[in-house]
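Below are the chains, spelled out letter by letter.
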Amino acid sequence: MSAEYGHRKPIFENAWWAVLRMKLISMLRIMCLFLCLAPFGVQAKTIQLYSYHIDPPFQLKNQTTDLSRSLVEKLNQWQQDRVFELLVLSRTEINKIISSGKPYLLLWANPLWFRSKDPNVQASKNIFWDADIWVSNRTHPVDYALPKDLIGKHIGARKGYYYKGITPLIKEGKIKASLVSNDAKNYQQLVSKKVEAFVMSRSSYLYWKASEIDVTGFNTSLSPHDAYKRHILVSQHYETLLPMLNQFIEQLKNNADWNSRLKKWGVQSLVEPIELDLDELMDY
């Protein structure tokens, strides 16, 4: 018996070590799995930052960056808690999102334009100042001071946009309007004499000049149709992000690379206040 028992003892010992070995292997596998998955568990949250601006310098399709992509890039470099992702939609699509009550962050906008759709809309500090100007042919200039100056004229404007004082006159049939999706199409309408003038942002016009586009044949209105500040608009779902966004915008003013890009695209002058309408003065 003793010989038989002595012969079996290693078998029990081997079995015990085999079980322990299997348990250790299982524990190591679980630890490895946890370590592999852990980075995914702490990934920064992705938040979409909307824009509906498709004209230069806000969007430059054939270049590696533009004003919108550059700002989002700087924002992601400045903070690492979240990943902001730029999503460009049409103005009509943006209107639907805001009217539906869904969460949103909207770049380059002014709260006055969307308060009727979202009474609780909030705005960051202004990124820069801008204005809408009227562009006409120098040989047949359209002198604009008030919306009534456009009565009887054929103008080019943008789909989905509301133009204060002018949209009502269009609906009344006192102004004829051809609505298109971008400045390039309005430019073509003016060159082909389909319209007598069209409206565009001063920032886009300054980009044209900085990009050596020949604007000598154009006349621009001395009085802007509208003057305003551009912000990041925030729905109440994201109001806790406002302090961070304001800090980012404040430090952006002293960012050498950002200012260099503004100069390259011709809009560095817009960081200073320009003429404002009454609503903006009251808001300011």
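Residues numbered from 1 in each chain as written. Predicted model: local features only at pLDDT ≥ 70, side-chain atom pairs only at ≥ 80, totals over all residues. Heavy atoms only, no water.

Some details on helix 3 (residues 91–99)
By the burial criterion, the buried members of helix 3 are R91, I94, N95, I97 and I98. Burial along helix 3 is one-sided: seen end-on, the buried residues are contained in an arc of 165°. On the buried face of helix 3, the contacting elements are strand 1 (45–51), strand 3 (105–109) and helix 4 (111–114). Looking at the residues trailing helix 3, positive phi occurs at G101, about 85°. (Buried < 20%, exposed > 50% of the residue type's maximum accessible area, 1.4 Å probe, protein only. Helix = DSSP H or I, 4+ residues; strand = E, 2+ residues; numbered from the N terminus. Arc of directions from axis to C-beta. Contact = heavy atoms within 4.5 Å.)

Overview of the nonpolar core
Proteins that are soluble and globular tend to have nonpolar side chains buried together. By size, the foremost hydrophobic cluster in this structure holds 41 residues, and its most contacted members are L105 and W108. Ranked by residue count, the leading element in this core is helix 8 (residues 242–252), at six residues. Setting aside chain neighbours within four positions, we find L105 in contact with I47, Q48, L49, Y50, F84, L233, V234, Y238, L241 and L245. (Core = buried A, V, L, I, M, F, W, Y, C linked by side-chain atoms within 4.5 Å.)

Quick look at helix 9 (residues 256–264)
Because each turn of an α-helix spans 3.6 residues, side chains separated by three or four positions end up pointing in the same direction. Taken together, the buried positions of helix 9 are occupied by W258, R261 and L262. Buried residues of helix 9 fall within an arc of 105° about the axis and therefore sit on the same side. Turned more than 90 degrees off the buried face of helix 9, the exposed positions are A256, K263 and K264. Buried residues along helix 9 sit against helix 2 (67–78), strand 3 and helix 8. Of the residues that open helix 9, the one with a side-chain oxygen 3.1 Å from the backbone nitrogen of D257 is N255. With its phi angle positive at about 85°, G266 sits one or two positions after the end of helix 9. (Polar contact = N/O pair within 3.5 Å; in protein donor to acceptor, adjacent residues only side chain to side chain.)

What about the environment of L190?
Position of L190 among the secondary structure elements: in helix 6 (residues 183–191). Remark: the alpha-carbon pair of L190 and I155, spanning 35 residues in sequence, is separated by 8.8 Å. Leave out the neighbours within four places in its chain, and L190 touches V135, S136, N137, V195, E196, A197, F198 and F218.

What about the environment of A131?
Tracing the backbone shows A131 in strand 5 (residues 128–137). In the structure, A131 is positioned 93 residues away from P224 in sequence and 6.2 Å away in space, judged by C-alpha atoms.

Here we look at the pattern of salt bridges
Close approach of charged atoms allows side chains of opposite charge to pair. For the structure shown, the criterion picks out 11 salt bridges. Notably, a salt bridge pairs R69 with D66, separated by 2.9 Å at the nearest N-O pair. (Salt bridge = Lys/Arg side-chain N within 4 Å of Asp/Glu carboxyl O.)

Remarks on the pairing of strand 6 (residues 154–158)
Most of strand 6 sits inside the fold, with five of its five residues counted as buried. Judged by which residues are buried, strand 6 turns out to be covered on both faces: H154, G156 and R158 on one side and I155 and A157 on the other are all buried. Both strand 6 and strand 7 (residues 176–180) contribute to a ladder of five bridges, which runs parallel. When the sheet's bridge partners are listed, R158 is paired in strand 7 with V180. Two elements, strand 6 and strand 8 (residues 197–201), share two bridges in a ladder whose sense is parallel. Within strand 8, the position partnered with I155 by the bridge is A197. (Pairing = 2+ DSSP bridges.)

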